Protein chains: 2
Amino acid sequence: MKKTLIKNYAKLIARVGGNIQKGQEVFITAETEAADFVTLLAEECYAAGASNVFVEWKNQKMEKLSARFESLRALSAVEPWEEAAFSYRADTLPVTIKILSADPDGMRGADREKLTLSSAARSAILKPYNDRMTNRHQWCVAAVPSEGWAKKVFPEDRAGAAVEKLWELILKTSRADGKDPLTDWMWHNRALRDRCDKLNALGLVSLEYKSANGTDFRIGLIDRARFIAGKKCTADGKYFNPNIPTEECFTTPRRDSAEGIVYAVKPLSYGGELIENFWLRFEGGRVVGFGAEKNEEALKSIFAADEGASYLGECALVPYDSPINRCGVLFYNTLFDENACCHLALGRGYTNTIENFAAYSRSDFEEMGVNDSSVHVDFMIGAEDLRIDGVTKSGERVRIFEGGVWAF
Amino acid sequence: MKKTLIKNYAKLIARVGGNIQKGQEVFITAETEAADFVTLLAEECYAAGASNVFVEWKNQKMEKLSARFESLRALSAVEPWEEAAFSYRADTLPVTIKILSADPDGMRGADREKLTLSSAARSAILKPYNDRMTNRHQWCVAAVPSEGWAKKVFPEDRAGAAVEKLWELILKTSRADGKDPLTDWMWHNRALRDRCDKLNALGLVSLEYKSANGTDFRIGLIDRARFIAGKKCTADGKYFNPNIPTEECFTTPRRDSAEGIVYAVKPLSYGGELIENFWLRFEGGRVVGFGAEKNEEALKSIFAADEGASYLGECALVPYDSPINRCGVLFYNTLFDENACCHLALGRGYTNTIENFAAYSRSDFEEMGVNDSSVHVDFMIGAEDLRIDGVTKSGERVRIFEGGVWAF
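Think of each chain on its own: its residues are numbered from 1, step by step along the sequence as written. To label them, take the chains in the order written and letter them from A, then take the ligands in the order written and number them from 1. Given that the model is predicted, a residue must reach a pLDDT of at least 70 before its local features are reported, and side-chain atom pairs must reach 80 or more before they are shown or counted; all residues, however, enter totals for whole chains, interfaces and linings. Calculation of side-chain values draws on the structure's entire complement of heavy atoms; hydrogens and water are dropped beforehand.

### Here's the deal with the pairing of strand S3 (residues 95-100) of chain B
Residues and elements named next belong to chain B. By the convention used here, strands pair only if DSSP detects at least 2 bridges between them. In this text, helices come from DSSP runs of H or I with a minimum length of four residues, and strands from runs of E with a minimum of two, each type numbered from the N-terminal end. One ladder, built from five bridges, connects strand S1 (residues 25-31) with S3; its direction is parallel. Pairing of Thr-29 across the sheet is with Lys-98, part of S3. The pairing of S3 with strand S4 (residues 139-143) spans five bridges and is classified as parallel. Following the sheet pairing, Thr-96 is matched in S4 by Trp-139. Viewed along the sheet, the connection from S3 through helix H6 (residues 112-133) into S4 turns out right-handed. Crossovers are marked right-handed if the path from the first strand over the helix to the second runs clockwise, as seen with the strands pointing away from the viewer.

### Considering the packing of aromatic side chains
Each aromatic ring pair is summarised here by two numbers: the centre-to-centre distance and the angle between the ring planes. Only centres within 6.5 Å qualify two rings of Phe, Tyr or Trp (six-membered ring in Trp) as a pair; their planes then separate them into stacked at under 30 degrees, edge-to-face at over 60, and tilted for everything else. Taken as a whole and judged by the stated rule, the model has 36 aromatic pairs over all chains. Among the aromatic residues, ring-to-ring pairing joins Phe-27, Phe-54 and Tyr-88 of chain A together with Trp-81 of chain B into one connected group. We count a charge as sitting over a ring when the NZ of a lysine or the CZ of an arginine lies within 6 Å of the ring centre and within 35 degrees of the ring normal. In this structure, Lys-231 of chain A packs its charged tip against the face of Tyr-239 of chain A, placed 4.5 Å from the ring centre. In this arrangement the basic side chain of Arg-255 of chain A is found over the ring face of Tyr-311 of chain A, its NZ or CZ atom lying 4.0 Å from the centre.

### Structural notes on the interface of chain B and chain A
Contacts between chain B and chain A engage 30 residues on the former and 29 residues on the latter. Here chain B meets chain A over a buried area of about 2,600 Å², counting both sides, of which 68% is carbon and sulfur. Any carboxyl oxygen of Asp or Glu within 4 Å of a side-chain nitrogen of Lys or Arg constitutes a salt bridge here. The interface formed by chain B and chain A holds four salt bridges in total. A salt bridge links Glu-43 of chain B to Arg-68 of chain A; the nearest nitrogen and oxygen atoms lie 3.3 Å apart. Here a polar contact means two N or O atoms within 3.5 Å. Within protein one must be a hydrogen donor candidate and the other an acceptor candidate, and residues neighboring in sequence count only if both atoms are side-chain atoms. Connecting chain B to chain A are eight residue pairs in polar contact (both at pLDDT 80 or more). Looking at the side of chain B that touches chain A, the elements with two or more residues in it are helix H2 (35-47), strand S2 (52-58), helix H3 (60-69) and helix H5 (80-92) of chain B. It is H2 of chain B that provides the largest number of residues to the side of chain B that touches chain A, a total of seven residues. Residue classes in the side of chain B that touches chain A are distributed as 17 nonpolar, six polar and seven charged. Any two residues whose heavy atoms approach within 4.5 Å at even a single point are treated as in contact. The term buried area denotes the loss of accessible surface (1.4 Å probe radius) that occurs when two parts are joined, taken as the sum for both partners. We call Asp, Glu, Lys and Arg charged. Ala, Val, Leu, Ile, Met, Phe, Trp, Tyr, Cys and Pro are nonpolar, and the rest, Gly among them, are polar.

### Structural notes on the relation of the copies chain B and chain A
Superposing chain B onto chain A takes a rotation of 180° plus a shift of 0.0 Å along the axis, which leaves an RMSD of 0.0 Å. The transformation relating the two chain copies, once decomposed into turn and shift, fits a two-fold axis. By residue overlap, the copies meet face to face through one surface: 97% of the interface positions of chain B are interface positions in chain A. All copies are superposed by least squares; the fitting set is the C-alpha atoms of residues with a pLDDT of at least 70 in both.

### A word on the sheet that holds strand S10 (residues 249-251) of chain B
The strands that make up a sheet are held in pairs by hydrogen bonds between backbone atoms, and each pair lies either parallel or antiparallel. Residue and element names in this part refer to chain B. Taken together, five strands build an open sheet; the order of strands is S7-S10-S15-S16-S17 and the sheet is antiparallel. Among the strands making up the open sheet, the edge pair consists of strand S7 (228-229) and strand S17 (376-380). Taken together, the three bridges between S10 and strand S15 (residues 312-317) define a ladder with antiparallel strand orientation. Across the sheet, the residue bridging to Thr-251 is Cys-315, located in S15. To define axes, lines are fitted to C-alpha atoms, for helices over the stretch in contact only, and angles between the resulting N-to-C directions are given on a 0 to 180 degree scale. Each of S7, S10 and S15 touches helix H9 (residues 181-202); the most contacted strand, S10, lies at about 45° to it.

### Some words on the sheet that holds strand S15 (residues 312-317) of chain A
Residue and element names in this part refer to chain A. Pairing is antiparallel in the open sheet, where five strands are placed in the order S7-S10-S15-S16-S17. Taken across any chain shown, the strands that pair with only one partner, and hence form the sheet edges, are strand S7 (228-229) and strand S17 (376-380). Sheet strands touched by helix H9 (residues 181-202): S7, strand S10 (249-251) and S15. Its angle to S10, the strand with the most contacts, is close to 45°.

### Quick word on the packing of helix H5 (residues 80-92) of chain A against H5 of chain B
Any two packed helices are characterised by how steeply their axes cross, that is the angle between the axes, and by the distance between the axes. Interhelical geometry of H5 of chain A versus H5 of chain B gives an angle of 180° and a closest axis separation of 8 Å. Here H5 of chain A lies roughly antiparallel to H5 of chain B, going by the angle between them. Only Pro-80, Trp-81, Ala-84, Ala-85 and Tyr-88 of chain B of H5 of chain B make contact with H5 of chain A, whose side of the interface consists of Pro-80, Trp-81, Ala-84, Ala-85 and Tyr-88 of chain A. Residue composition of the contact of H5 of chain A with H5 of chain B, grouped by class: ten nonpolar, no polar and no charged. If an angle is under 35 degrees, it is roughly parallel; if it is over 145, roughly antiparallel; if it lies from 65 to 115, roughly perpendicular; otherwise it is oblique.

### Digging into H9 of chain B
Residues and elements named next belong to chain B. Expected span, for any helix, means 1.5 Å times one less than how many residues it has. Over its 22 residues, H9 extends 32 Å from the first C-alpha to the last, a length consistent with the 32 Å expected when each residue adds 1.5 Å. Whether a residue is buried, partly exposed or exposed follows from its accessible area with a 1.4 Å probe, protein chains only, as a fraction of its type maximum: under 20%, in between, or over 50%, in that order. Listed as buried for H9 are Pro-181, Trp-185, His-188, Asn-189, Leu-192, Cys-196 and Leu-199. Summarising the axial view, the buried residues of H9 lie within an arc of 100°, below the 170-degree limit, and thus occupy one face. Seen from the open side of H9, the exposed residues pointing more than 90 degrees away from its buried face are Trp-187 and Ala-201. This arc describes the spread of directions from the helix axis toward the C-beta atoms.

### So, the confidence of the model for chain A
The share of residues in chain A with pLDDT of 70 or more is 100%, and the mean pLDDT across the chain is 96. For this predicted complex, the interface confidence reaches an ipTM of 0.92, while the overall pTM sits at 0.94. Per-residue confidence from the predictor is reported as pLDDT, a score between 0 and 100.

### Re the packing of helix H1 (residues 3-17) of chain B against H2 of chain B
Residue and element names in this part refer to chain B. Direction vectors running N to C along H1 and H2 enclose 50°, while the axes themselves pass 8 Å from each other. Judged by the inter-axis angle, H1 sits oblique to H2. Pair H1 / H2 crosses with right-handed handedness. For the pair H1 and H2, contact is made by Ile-6, Lys-7, Tyr-9, Ala-10, Lys-11, Ile-13, Ala-14 and Arg-15 and by Phe-37, Leu-40, Leu-41, Glu-44, Cys-45 and Ala-47, respectively. Residues belonging to the contact of H1 with H2 are distributed by class as follows: ten nonpolar, no polar and four charged. Two helices that cross are described as forming a left-handed crossing if the nearer one is turned anticlockwise from the farther one by less than a right angle, and a right-handed crossing if clockwise.

### Focus: unusual backbone geometry
That bond from Ile-244 of chain A to Pro-245 of chain A is cis: its omega, 5°, falls within 30 degrees of zero. Notably, Asn-277 of chain B is not glycine yet its phi reads approximately 50°, a positive angle. Take Asn-277 of chain B: it is sitting in strand S13 (residues 273-283). In this structure Asn-277 of chain B comes out as partly exposed when scored by relative accessible area, which is 47%.

### Quick look at the pattern of salt bridges
All names here are of chain A. Summed over the entire model, instances satisfying the criterion amount to 50 salt bridges over all chains. Here Lys-127 ties to Asp-131 by a salt bridge, and the two come within 2.8 Å at their closest N and O atoms. Separated by four residues within a single helix, Lys-127 and Asp-131 lie in helix H6 (residues 112-133), roughly one turn from each other. Owing to a relative accessible area of 17%, Lys-127 belongs among the buried residues under this scheme. Take Asp-131: its relative accessible area is 26%, and that puts it in the partly exposed class. Between Arg-399 and Asp-389 there is a salt bridge; the shortest N-O distance is 2.5 Å.

### Side note on a negative patch on the surface
All names here are of chain B. Patch construction takes residues with relative accessible area above 30% that form no salt bridge. Like charges are linked within 9 Å, and nonpolar side chains (Val, Leu, Ile, Met, Phe, Trp, Tyr) are linked within 5 Å. Areas reported as accessible are Shrake-Rupley estimates using a 1.4 Å probe. Residue values count occlusion only from the protein chains shown. The charge count treats Lys and Arg as positive and Asp and Glu as negative. His and the chain ends do not count. In plain terms, the charge of a residue is placed at NZ if it is Lys, CZ if Arg, CG if Asp and CD if Glu. Taken together, Asp-111, Glu-113, Glu-296 and Glu-297 make up a surface patch of like negative charges. Here Glu-296 lies in helix H10 (residues 296-303). For Glu-296, a relative accessible area of 36% corresponds to the partly exposed category.

### Quick notes on the environment of Leu-65 of chain A
In this structure, Leu-65 of chain A sits in helix H3 (residues 60-69). Judged by relative accessible area, which is 8%, Leu-65 of chain A ranks as buried. Measuring from C-alpha to C-alpha, the distance between Leu-65 of chain A and Met-107 of chain A comes to 9.7 Å, with 42 residues separating the pair along the chain. What Leu-65 of chain A contacts, discounting residues up to four positions off in sequence, is Glu-70 of chain A together with Thr-39, Ala-42, Glu-43 and Tyr-46 of chain B.

### Comments concerning H3 of chain A
Residues of H3 of chain A that are buried include every one of Gln-60, Met-62, Leu-65, Ser-66 and Ala-67 of chain A, and no others. Those residues of H3 of chain A that are buried lie in contact with strand S1 (25-31), strand S2 (52-58), helix H4 (72-76) and H6 of chain A together with H2 and S2 of chain B. The backbone nitrogen of Lys-61 of chain A lies 3.1 Å from a side-chain oxygen of the residue at the head of H3 of chain A, namely Asn-59 of chain A.

Rendered as structure tokens:
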């Protein structure tokens, strides 16, 4: 891949994704394999004014070894210094950038039960720190290829060629392949906002989903929640783009309102394993039944995280003809696949959809019906023939999606 | 390089270097570029019984960016969570493994003054934690090639070939290229111990160095200090090999005793820069004059670390015909180059040379004349014609080295 394109992409992440301001600290999480890109990105962060760029390096193979050899107790522990690092970030609110590149099923064969239990134990300890950061800091998730991931997407190609192809796709779908991605994203953010304005003008109270694949589902929306998209805003007014790419308009559903059945239309990479051809049945908001053709145990492990993991936290609308879906490739990575079609998310509900969110506390949000959990797992239900009807405050039915795409 | 050889090398580091015992924690420091080897090493650590293997990843390019863009204040800071990590290690005493692979002059062009000042500030804060670990935990330093390092050693070769050649050399000089490196090291440790037994039987009180290159130097040895080599022992009796490779027999000199001039016979890689053709003059133990044909400023920066950096902490004897010198390659890495010929070290004196060291405190050691500093910088003075005479307690002169090699 051309170095200028990759440099532009790094700049996009620093300036539009994190929107780093002079004097802000930056905290990057990335795989060791992505080191070359990360140093480029760090340089762009400093150039944007970062006072300090700290990288927490991850290594999926090390995680797999830990899961294999460490006791549940060792794996579940949050050491004092690790907690001190989370506490420091909750106090100092650095701009947080996560660079994804791990192999979508690189954890295949690891002890899933140990991972589920230890991850739940760690999340319970760390959640207060993450909660303290919610809506208060700029953050961005983006991706770069690794050999493992690229070979998963392009199994027929040799590693080098697969990586090159995945780079092309990432830059294209991230709208980072033009001459001036920063300006392209200004227009993209504006188009997404216009779409949300139209949706919000309808005053929807619920959504009903139907598809020939069996999906037959209703969900209520929170009264004060709006549809939002593209760039977001911290409580103190700093804009940022949490996802690169992003094509979705999303809102927050009422925790207790989901009813019916939904069928996934894409595999889900969760904890380094692929869950395929699965369905979920809801009653009173809660998952009461589920099944998967492949890796049903991994699906089940999501619900083991905590009580809130069995409820929904997000409804997102993405037309089936989105640029990401049109490229015809399955990324096996939620950041991309969720932007290919409509999706829902199990677990934590976003609160930045709530009008004037800075004025409310966590308990206010819970009272409004926002779900809480240590996890947030998106899964794709946007079939080619998906029909979505909205019901407005005045009881009127409005067609939102028809044949998988916007009806208006 | 053959995978079995590399696996054997990893095993050597885990079993002989760290001598990891069942249930011990392991803390590895390594460059992100060495990730493939580190996962192999971690597997060997777990197989040896480690309860937990934590890797602190380094990245030289990130360090260079920090030096360029961060303020002196940001660069000098030890954040609370970072200090908590040092404190945790001082409490829990994990087996510590350092894998070197950085480019010997990868920091060329960085702001040296900023690096020197920030490093001194950080060392002052962290020294108490490091002091608490001294002689109390197993540790090992070993190396794996990186492209930058390999290209420095073999500038005529393409990167891939240079890496392969450096692998071969590392395995050969580390005595890890045989069928059973663990047994080879048992014999190697025994041979080194025999050599030390002979030296210690002499009851030396001082050493005198002379070479045609201008070296003319005397230094006094600490009364209770012995020559030690190869495997070392923690205060509670756990053996470990702190350096792979190691060929030296070393002891601890009296802080105030160095007199005369020494000329370096190999370049010194310090802080990612090469110092070449340098000399040091001592009076009353202290450096009172110095010069270098290349990077004199980097040499000067060593003394800026603290007061003790201008005094000597180690005298090591290595014959000029050592396997590392015989391979005829300059590694630009002290771990190897110091094992090619006789050397001294500026800064911290080792205290594990003192008989019954576990019975003494830091202030006892200082009273005995052991130098203290936050740095320990070896430099090579073992010329081809080096002559070393020892003076015994009874005033007798004994020839120790003649023509750069053992005289007995």
